[in-house]
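Residue-level structure breakdown
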Amino acid sequence: MKAVELEKAYAPKSFEDRIYSQWKEGGAFKPKEGKGNPYVIVIPPPNVTGVLHLGHGLNITLQDIVIRFHRMRGEPALWVPGTDHAGIATQNVVEKKLKGQGISRRSLGREKFVEETWKVKGEHHAIISKQLARMGASVDWSRERFTLDEGLSRAVREVFVTLYERDLLYKGHYLVNWCCSCGTAISDDEVDHEKQAGKMYHIRYPRVDGAGSVEIATTRPETLLGDTAVAVHPEDPRYADIVGRELVLPLAGRNIPVIADAYVDREFGTGAVKITPAHDPNDWEMARRQNLPVISILRPDGRLNDAAPEKYRGLTVAEAREAVLADLKAGGFYVKEEEIIHAVGRCYRCHTVIEPFLSEQWFVRMKPLADKALAAWHKGDIIFYPRKWENTYQRWLENIRDWCVSRQLWWGHRIPAWRCKKCGKTSVSRTDLVSCPHCGSFEIEQDPDVLDTWFSSWLWPFSTLGWPEALSRDGSSGPSDFDRFYPTTALVTAYDIIFFWVSRMIMAGLEFTGKAPFRDIYIHGIIRDKQGRKMSKSLGNGLDPLQLVDEYGADALRFTLAFMCAQGQDILIDEGSFKLGSKFANKVWNAARYILMNLEGRNVVKDPALLPVDRWIRSRLGAAARTITGAFLSYRYNDAAQTAYEYFWNDFCDWYVEAAKLSMKEGDDAEKDRAATVLLEVLAESLRLLHPLIPFVTEEIYGKLPYKGAAAEGTLLIDAPYPEYDEDRADPRIEADFAFIQELITQVRTLRSECTVTPDKKVRILVRTGSPDRTALFRENAGLVKLLAGVGDLEIEEGSSESGETPAAEEKAAQKRGSIGLAGSGFDVFVFIAEAVDLAVLKQKFAKELAKDSKFITGLQAKLSNENFLGNAPPELVEQERVKLEEALKRTVKLESYIRDLGACPKIN
């Protein structure tokens, strides 16, 4: 073999784009025929409103890791990419863009506006696709979908009409959440409730009979103009005599009744509540029970309409509140106001305060769908990782409300409903209508509204695979994607869209395909800064994933996110965190570089014999493969990444590669060939182990290997088999034996460091064992111990002590010889440190450290005996101080033993 020269410095920019193109152009992302059931993921489609943020980076990374893992296991693995048209969000982006040009949506017109929106979609889609590639997303680009493409639009129509036919869809005038800025209704789940400072205003409503008044309290005095009653509890004795009587509605020139309703909380405020059915959801429900009139005082733009007294018409809500308060005070109706903190609903997209608004909208009856979704969970058809999210799922479905699915927008799926001007009837249809099915009139008009973005998204797992067209195929051209890949296997998503998306997808899958759309639901946390804050533009704490890729490489980004992604926890991160992944990728590069540069003149050996250290690393690799496989199958990404890190950095690099130097440097040609062959085999298998986590650097190195082992010769790493645990390779005895050797070497290395022995100095050691087995083990591995511990002269003796304690006479003699004794598991080692350092200087060093630790211990003991500290400090801080004390005490015991071994300590001034 020839030596292979990797670049001296790890430079991911030099190969990541090339590697991705190689995968993509070679068809590596397409599902191949394989063993077992397909493993299928549909990507949570990013919105075409902008670019991907670090939260997307986390989500993409986690999906890619498991899809690569299952692909390497030989399963037909499919990851479907796509993007979401994101109705409100995208329309807002385009409207802002046009506003900057002095153009309004209305002046442009619907058709032209939609054309402009498609252009924005195209620009953002190109950026998103590039970002996905840069992060290594191994999606099947040939199956990419968009929620407004032709196939998905057909699916949306099919579902809308089917729901209508099943009486699960209806239209009517109801109170909805209205965003005056976006000019549309939004669903309950799209309202963000935020606590903020406000005021509670107390207002006096006079009795019509002149016998006093009733005091009510409200945070929104302007809405009293739409009041149609005042309600009290039927068992409240304070108001028993006025139920059924009338009050004068201040400023409105109307009288309203006092009604009794058990909904009223008699303990809250005065026990009397103003009822404004058109502007409060609870009041709306009460009005329906009590048959109260409903008066809407708002226009869609958020200004007061003609139902309000003339002087308030055209005012904004804020302006009307100011005017109403002034008039209440002038008329003697105002009592007082109080500062309060209350929850205010805001639009999840534009952050405008939401107005309860009476409007004609389309709704889906959710209770029948929710019952099926609950039943699927109870049967175990869906599994949440971690399980705690099941409670959220259950609670939401059990308390579900009908879903308002119509939106007063232009960008989205136009509602397939037509109203006939002649007969007044509404018809829904899978195809565009030109005449009324009821009377034949051509005077029909399509509903101008579009469907909620989530109405297409909830169909994503099956619409992306060809539903409903697949249902009508004859199968002559082979099975459809829907037949092959539905239901999908897993959904990987963040917890903030369990309501919006996850639950609805399950309901849609069960209703329209009869199957849950996926089995595994992995809910990951969200990324926060080191202070625990969500990353946002307003805080300026966001991190651009592409900038991180430019700085550290895609593998560093991926590995860091996986390493820090513990189930059920958010990720606290900053830019410096990604040095972890960068250092690991760099370690992999440098280890491979060392091995490859030492292959000159070596030959591959068929079925090479294995030394104990070779059997040890194969056993450790198998154990790591078993642990990582279990972690991937249960979506424990941090466990997988940490195991991979420990195996490669510690077992492979720090121990095995170092141990192999004994053969590569001191062996004859045959031994060097054998060692090089095994090194390459283990390196190749280790790269396969790491590939799902750090695919670019492992693929680049793998392609340079002159020998990959018989299992994967001639293939790209992305297609190579994933390592499996093999009982025949597992060797607990070898691992136990090597652990003793590691313990001995580590003790000597640590002592060398503590005594500041320079790397070029070899130390003399005496190892005294308590059994013939230990003696034989250390003698067989004497060369390894000398190489890795920096030992020159190694003497091994078998003694009578099995406790690991040095007999007093031996200890005394060791002290005279200037050595330090260390106790191991079934052995003692004496390091003749005086031969490698200046003994007087070393004694002084230990004495100073001991004095420093003693002072530190005194301070800690005082703190931990202070009742004020123990009572006021957080428990975790108290525990940290106790751990520090325990460690310091152990350190002083060790230093005292060193000083005893080296003789009397010199006096320190």
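In every chain, residue numbers begin from 1 and rise along the written sequence. Under the rules for a predicted model, residues below a pLDDT of 70 receive no local features and side-chain atom pairs below 80 are neither given nor counted, while totals for whole chains, interfaces and linings still include all residues. Side-chain figures throughout are based on the complete set of non-hydrogen atoms in the structure, without hydrogens or water.

1. Focus on the overall build of the protein chain
Filter applied, for reference: Helix numbering and strand numbering both begin at the N terminus, where a helix is a DSSP run of H or I of at least 4 residues and a strand a DSSP run of E of at least 2. In this treatment the radius of gyration is a C-alpha quantity, and the globule benchmark scales as 2.2 Å times the residue count to the 0.38 power. Using a 1.4 Å probe on the protein chains alone, a residue whose accessible area is under 20% of its type maximum counts as buried, one over 50% counts as exposed, and one in between counts as partly exposed. Whether two residues are in contact is decided by their heavy atoms: any pair within 4.5 Å suffices. Under the convention used here, a 1.4 Å probe and the Shrake-Rupley method define accessible areas, while residue burial counts only the protein chains that appear.
A tally of helices and strands in the protein chain yields 28 helices and 29 strands. A compact globule built from 909 residues should have a C-alpha radius of gyration of about 29 Å, whereas the protein chain, at 37 Å, is more than 25% larger. Each principal axis of the C-alpha atoms in the protein chain carries an extent, and together these give about 110 × 80 × 55 Å. In the protein chain, which comprises 909 residues, the share counted as buried stands at 53%. Put simply, 77% of the contacts in the protein chain that link residues at least 6 apart link residues at least 24 apart. Carbon and sulfur atoms form 49% of the exposed surface of the protein chain, whose accessible area is close to 40200 Å².

2. Overview of the pairing of strand 29 (residues 827-831)
The condition is simple: Strands are labelled as partners when DSSP assigns at least two bridges between them.
Taken across its five residues, strand 29 has five buried, putting it largely inside the fold. Here strand 29 shows a buried face lined by F827, V829 and V831 and a second buried face lined by D828 and F830. Looking at chain direction, strand 26 (residues 763-769) and strand 29 are connected through five bridges and run antiparallel. Residue I765 lies in a different strand from strand 29, and its bridge partner there is V831. Two elements, strand 28 (residues 820-823) and strand 29, share four bridges in a ladder whose sense is antiparallel. Each bridged residue has a counterpart across the sheet, and for I820 the counterpart in strand 29 is V831.

3. Focus on helix 8 (residues 317-331)
To keep things clear, this is the line we draw: How far a helix is expected to stretch is found by multiplying one less than its residue total by 1.5 Å.
Compared with an ideal rise of 1.5 Å per residue, which puts 15 residues at 21 Å, helix 8 spans 21 Å between its outermost C-alpha atoms and is within 8% of the ideal. Looking at helix 8, one finds that the buried residues are V317, A320, V324, L325, D327 and L328. In this fold, the buried residues of helix 8 make contact with strand 7 (191-206), strand 13 (334-347) and strand 14 (355-364). Looking at the residues trailing helix 8, positive phi occurs at G332, about 80°.

4. A word on the sheet that holds strand 27 (residues 791-798)
For sheets, the rule is that strands pair by backbone hydrogen bonds, running either parallel or antiparallel. For clarity, the threshold we go by: An axis is simply a line fitted to the C-alpha atoms; with a helix, the fit covers only the stretch in contact. Between two such axes, the angle follows the N-to-C directions and lies from 0 to 180 degrees.
Spatial ordering of the open sheet is given by 27-26-29-28, a layout of four strands whose pairing is mixed. With partners counted over all chains shown, the strands left at the sheet margins are strand 27 and strand 28, one partner each. Averaged over neighbouring strand pairs, the angle between their axes works out to 20° when direction is ignored. Of the strands in this sheet, strand 26, strand 27, strand 28 and strand 29 touch helix 22 (residues 732-754), which is tilted by about 30° from strand 29.

5. So, the pattern of salt bridges
Which entries qualify depends on this criterion: The salt bridge criterion pairs a side-chain nitrogen of Lys or Arg with a carboxyl oxygen of Asp or Glu, the two atoms within 4 Å.
Enumeration according to the criterion identifies 65 salt bridges in this entry. Close ionic contact of E511 with R166 constitutes a salt bridge, the shortest N to O distance being 2.7 Å. With a gap of 345 residues between them, E511 in helix 14 (residues 498-513) and R166 in the loop between helix 6 (150-165) and strand 5 (169-179) connect regions that are remote in the sequence. Overall, E511 belongs to the buried group, its relative accessible area being 11%. Owing to a relative accessible area of 42%, R166 belongs among the partly exposed residues under this scheme. D371 is paired through a salt bridge with K367; the nearest N and O atoms lie 3.0 Å apart. Placement of the pair is D371 and K367 together in helix 9 (residues 367-378), with a separation of four residues, close to one helical turn. Residue classification places D371 among the partly exposed positions, given a relative accessible area of 37%. In this structure K367 comes out as partly exposed when scored by relative accessible area, which is 47%.

6. Thoughts on the nonpolar core
Cut-off, in case you're wondering: Residues enter a nonpolar core if they are buried and are Ala, Val, Leu, Ile, Met, Phe, Trp, Tyr or Cys, with the set joined through side-chain atoms within 4.5 Å.
One finds F455, W458, F652 and I765 to be the most contacted residues of the largest nonpolar core, which totals 208 residues. Considering each element in turn, this core owes the most residues, 15 residues, to helix 19 (residues 637-666). Not counting residues up to four positions away in its chain, the partners in contact with W458 are V159, L163, L369, W403, W501, R504, M505, A508 and F512. If you look at the next biggest cluster of nonpolar residues, it comprises 33 residues, including Y205, V214, L247 and F357.

7. Topic: the pairing of strand 2 (residues 77-80)
Covered by surrounding structure in strand 2 are A77 and W79 together with L78 and V80, the residues of both alternating faces. Bridge analysis of strand 1 (residues 39-42) against strand 2 gives four bridges, and the strand direction is parallel. Along strand 2, the bridge assignment pairs Y39 with A77.

8. Regarding helix 20 (residues 669-690)
When the terminal C-alpha atoms of helix 20 are compared, their 31 Å separation across 22 residues agrees well with the 32 Å that a helix rising 1.5 Å per residue should span. Of all the 22 residues making up helix 20, 19 are buried; the element is thus mostly covered by neighbouring parts of the structure.

9. As for the packing of helix 19 against helix 24 (residues 782-789)
Filter applied, for reference: If an angle is under 35 degrees, it is roughly parallel; if it is over 145, roughly antiparallel; if it lies from 65 to 115, roughly perpendicular; otherwise it is oblique. With the far helix as reference, a near helix turned anticlockwise by less than a right angle produces a left-handed crossing, and one turned clockwise produces a right-handed crossing. Any residue that is not Ala, Val, Leu, Ile, Met, Phe, Trp, Tyr, Cys, Pro, Asp, Glu, Lys or Arg is counted as polar, Gly included; the first ten are nonpolar and the last four charged.
Two elements in contact, helix 19 and helix 24, have axes separated by 9 Å at closest approach and are oriented at 115°. Considered as vectors, helix 19 and helix 24 are oriented roughly perpendicular to each other. The handedness of the crossing between helix 19 and helix 24 comes out as right-handed. Between helix 19 and helix 24, the residues in contact are W655, E658, A659, K661 and L662 and G783, L784, L787 and L788, respectively. Here the residues of the contact of helix 19 with helix 24 sort into six nonpolar, one polar and two charged.

10. Concerning the packing of aromatic side chains
What counts here: Here a Phe, Tyr or Trp ring, Trp counted by its six-membered ring, pairs with any other such ring whose centre lies within 6.5 Å, and the pair is stacked when the planes are under 30 degrees apart, edge-to-face when over 60, and tilted otherwise. In our convention, an over-ring charge means Lys NZ or Arg CZ found within 6 Å of a ring centre and within 35 degrees of that ring's normal.
Tallied over the full model, the rule gives 46 aromatic pairs. Measuring from centroid to centroid gives 5.1 Å for W403 and W458, while their planes differ by 85°, and the two rings are edge-to-face. One end of the pair, W403, is in strand 16 (residues 403-404); the other, W458, is in the loop between helix 11 (453-457) and helix 12 (460-463), with 55 residues separating them in the sequence. Feature note: the residues F160, Y164, W362, W403, F455, W458, F462, W467, F482, Y486 and F512 constitute an aromatic cluster, connected by ring pairs. Over the ring of F740 we find R774; its NZ or CZ atom is 3.4 Å from the centre of that ring.

11. What about the confidence of the model for the protein chain?
The cut-off we apply is this: pLDDT is defined as a per-residue confidence score from the predictor, taking values between 0 and 100.
Mean pLDDT for the protein chain: 91, with 96% of residues reaching 70 or above. Note on residues 801-807: pLDDT under 50 across the span, and twelve contacts to partners over four residues away in sequence or across chains.

12. Topic: the environment of E322
With respect to the secondary-structure elements, E322 resides in helix 8. Along the primary structure E322 and Q747 are separated by 425 residues, whereas in three dimensions their C-alpha atoms are 78 Å apart.

13. Overview of the sheet that holds strand 12 (residues 272-275)
Strands sit in the order 10-11-9-12 across an open sheet of four strands; the sheet is mixed. The sheet terminates laterally at strand 10 (246-249) and strand 12, the two strands that pair on one side only. Each adjacent strand pair in this sheet contributes to an overall mean axis angle of 30°, direction not counted.

14. Quick notes on the side chain of R71
Defined as follows: In this tally, Lys and Arg are treated as positive and Asp and Glu as negative; His is ignored, and so are the chain termini.
Relative to the assigned elements, R71 resides in helix 2 (residues 54-72). Buried within the structure, R71 lacks any salt-bridge partner; its nearest side chain of opposite charge belongs to D64, at an N-O separation of 5.5 Å. Non-local contacts of R71, meaning those with residues more than four positions away in its chain, are made with A28, F29, A77, S138 and I718.

15. Comments concerning unusual backbone geometry
With glycine set apart, most residues show a phi of negative sign, and most peptide bonds adopt trans. Geometrically, the link from Y385 to P386 is a cis peptide bond, its omega value of -5° lying close to zero. For the bond running from W467 to P468, omega is 5°, close enough to zero to count as cis. Mapped onto the elements, P468 comes out in the loop between helix 12 and helix 13 (481-485). Its identity is not glycine, yet A86 carries a phi of approximately 50°, on the positive side. For A86, the location among the structural elements is in the loop between strand 3 (82-83) and helix 3 (87-100). Of note, N291 is a non-glycine position whose phi angle comes to about 60°, a positive value. The topology assignment puts N291 in the loop between helix 7 (281-290) and helix 8. For N291, a relative accessible area of 70% translates into the label exposed.

16. Quick word on the packing of helix 22 against helix 23 (residues 772-780)
Running from amino to carboxyl end, helix 22 crosses helix 23 at an angle of 70°, the nearest separation of the two axes being 11 Å. Here helix 22 is positioned roughly perpendicular relative to helix 23, judged by the angle of their axes. Crossing geometry of helix 22 relative to helix 23 is assigned as right-handed. Where helix 22 approaches helix 23, its residues D737, F740, I741 and L744 are matched on the opposing element by R774, L777 and F778. Partitioned by chemical class, the residues of the contact of helix 22 with helix 23 number five nonpolar, no polar and two charged.

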